[in-house]
Amino acid sequence: MKIGFIGAGKVGFSLGKYFCEHGLEVTGYYSRNFQSAKEAAAFTSSAAYENRSELVANSDVLFLTVTDCAIADTYAAVCEEDIRGKIVCHCSGALTAESVFSDIERHGAAGFSVHPLIAVSSRYDSYRQLADVFFTLEGTESKREEFREWLKTAGLNVQCIPADAKVKYHCAAAIASNQVIALFAQSQQLLMECGFSQDTARQALVPLFLGNASQTAESGPANALTGPVERGDKGTIEKHLKVLDCSEDKLLYLLLSKKLLKTAKEKHPSRDYSSIENFINAETEKI
């Protein structure tokens, strides 16, 4: 099947290059910015289209690699063409296939959400990571398994999810990718209050941050867990709370500690954590 891209940003560049290098045929790119289409086409040894209709006609699979807010309008424009027998995909982590392609079967086509569980940060380099990335797939049920198998021929890890789980899936991705940054920023600020500069605070945290992330990824949360919650060290937890100045930071620390308690109990099922559990619950209620 020949693959066409409408939208020539980071995701379009990355998927197109990956597909090309794994034996799939990329027709080319259409973009409102023709220069972007030309650059993507050059990167993937495909064609740049000035006319969207020609790209649609020449492609069996269409990836709408545009911003989330533009997906619906882009799909509406595509539906002005004959899309019978074609597969149309978007790559949004938050939107379901149904929310965009609700009428696609009426057009004789199939629609899917195909989302890579990665932050695509570079037009020219991110494609190298895709072989290790999981892609979630949901959409037209009658064609889903066939399309999943086709994606797997390119070496992709594909996990099918139900449409009603899409928001929960996206929330999981945001916590692991985005909210961890808030915790790093808070740790950096605390070190700056200890006399570190912003740059040295960041440099000091990098080995700790990356080392723990690597251990968690390799061994799982329970095996990677260390620190006062894991040890059942109520005294240190009390001291930590005293140096956090605002109630918001205290509450964040307490709520995360409650989550860590679940992991600590998994790691040490015979250990008694009742003392710190009661303390954390009591302190949380005060805020």
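Our structure's up above, just so we're on the same page.
Structural notes, computed from the coordinates. (Residues numbered from 1 in each chain as written. Predicted model: local features only at pLDDT ≥ 70, side-chain atom pairs only at ≥ 80, totals over all residues. Heavy atoms only, no water.)

## Topic: the sheet that holds strand 1 (residues 2-6)
Sheet architecture is open: 8 strands sit in the order 3-2-1-4-5-6-7-8, paired in mixed fashion. In the strand order of this sheet, the two ends are held by strand 3 (47-49) and strand 8 (157-160), each with one partner. Adjacent strand axes in the sheet meet at a mean angle of 25 degrees when their direction is disregarded. Of the pairings in the sheet, the one linking strand 4 (residues 61-64) to strand 5 (residues 87-90) comprises 4 bridges and is parallel in character. Bridge pairing links V61 to I87 in strand 5. Of the strands in this sheet, strand 1, strand 4, strand 5, strand 6 (110-116), strand 7 (134-139) and strand 8 touch helix 6 (residues 141-152), which is tilted by about 160 degrees from strand 7. Packing of helix 7 (residues 166-192) onto the sheet brings it into contact with strand 5, strand 6 and strand 7, and relative to strand 6 it is tilted by some 20 degrees. (Pairing = 2+ DSSP bridges. Helix = DSSP H or I, 4+ residues; strand = E, 2+ residues; numbered from the N terminus. Axes fitted to C-alpha atoms, helices over the stretch in contact; angles between N-to-C directions. Contact = heavy atoms within 4.5 Å.)

## With respect to the pairing of strand 2 (residues 25-30)
Counting buried positions along strand 2 yields 5 of 6 residues, so the element is predominantly enclosed. As paired strands, strand 1 and strand 2 are joined by 5 bridges and run parallel to one another. Paired with G4 across the bridge in strand 2 is G28. The β-α-β motif built from strand 1, the intervening helix 1 (residues 10-21) and the parallel element strand 2 has right-handed crossover chirality. Where strand 2 lies against strand 3, 3 bridges are found, and the strand directions are parallel. Counted as the bridge partner of G28 is A47 from strand 3. (Buried < 20%, exposed > 50% of the residue type's maximum accessible area, 1.4 Å probe, protein only. Right-handed = clockwise from strand over helix to strand, strands pointing away.)

## Some remarks on the nonpolar core
By size, the foremost hydrophobic cluster in this structure holds 32 residues, and its most contacted members are F19, F63, V114, F147 and L151. In terms of residue count, helix 1 provides more of this core than any other element does, 4 residues in total. Non-local contacts of F147, meaning those with residues more than four positions away in its chain, are made with V61, I87, C89, F112, V114 and L137. (Core = buried A, V, L, I, M, F, W, Y, C linked by side-chain atoms within 4.5 Å.)

## Focus: the packing of aromatic side chains
Enumeration over the complete set of coordinates arrives at 13 aromatic pairs. Centroid distance F5 to Y29: 5.0 Å. Interplanar angle 15 degrees. Geometry classified as stacked. In this pair, F5 is assigned in strand 1 and Y29 in strand 2, connecting sequence segments 24 residues apart. You'll find F5 and Y29 in the same group, each marked buried. Through a chain of ring-to-ring contacts, three or more aromatic side chains come together here, namely F5, Y18, F19, Y29, F63, F112, F147 and W150. Its end group placed over the ring of F43, K17 keeps NZ or CZ at 4.8 Å from the ring centre. Geometry around Y127 places K17 over its ring, the cationic atom sitting 6.0 Å from the centre. (Phe/Tyr/Trp six-rings, centres within 6.5 Å; stacked < 30°, edge-to-face > 60°. Lys NZ or Arg CZ within 6 Å of the ring centre and 35° of its normal.)

## What to know about the side chain of T263
Topologically, T263 is positioned in helix 12 (residues 247-267). What T263 contacts, discounting residues up to four positions off in sequence, is P221, A222 and L225.

## A few points about helix 2 (residues 34-44)
Taken together, the buried positions of helix 2 are S36, A37, A40, A41, F43 and T44. Seen end-on, helix 2 carries its buried residues on one side only, within an arc spanning 160 degrees. Against the buried residues of helix 2 lie helix 1, strand 2 and strand 3. By the N-cap criterion, in which a side-chain oxygen at the helix start approaches the backbone nitrogen of a residue two or three places on, helix 2 is capped by N33, the distance to Q35 being 3.0 Å. (Arc of directions from axis to C-beta. Polar contact = N/O pair within 3.5 Å; in protein donor to acceptor, adjacent residues only side chain to side chain.)

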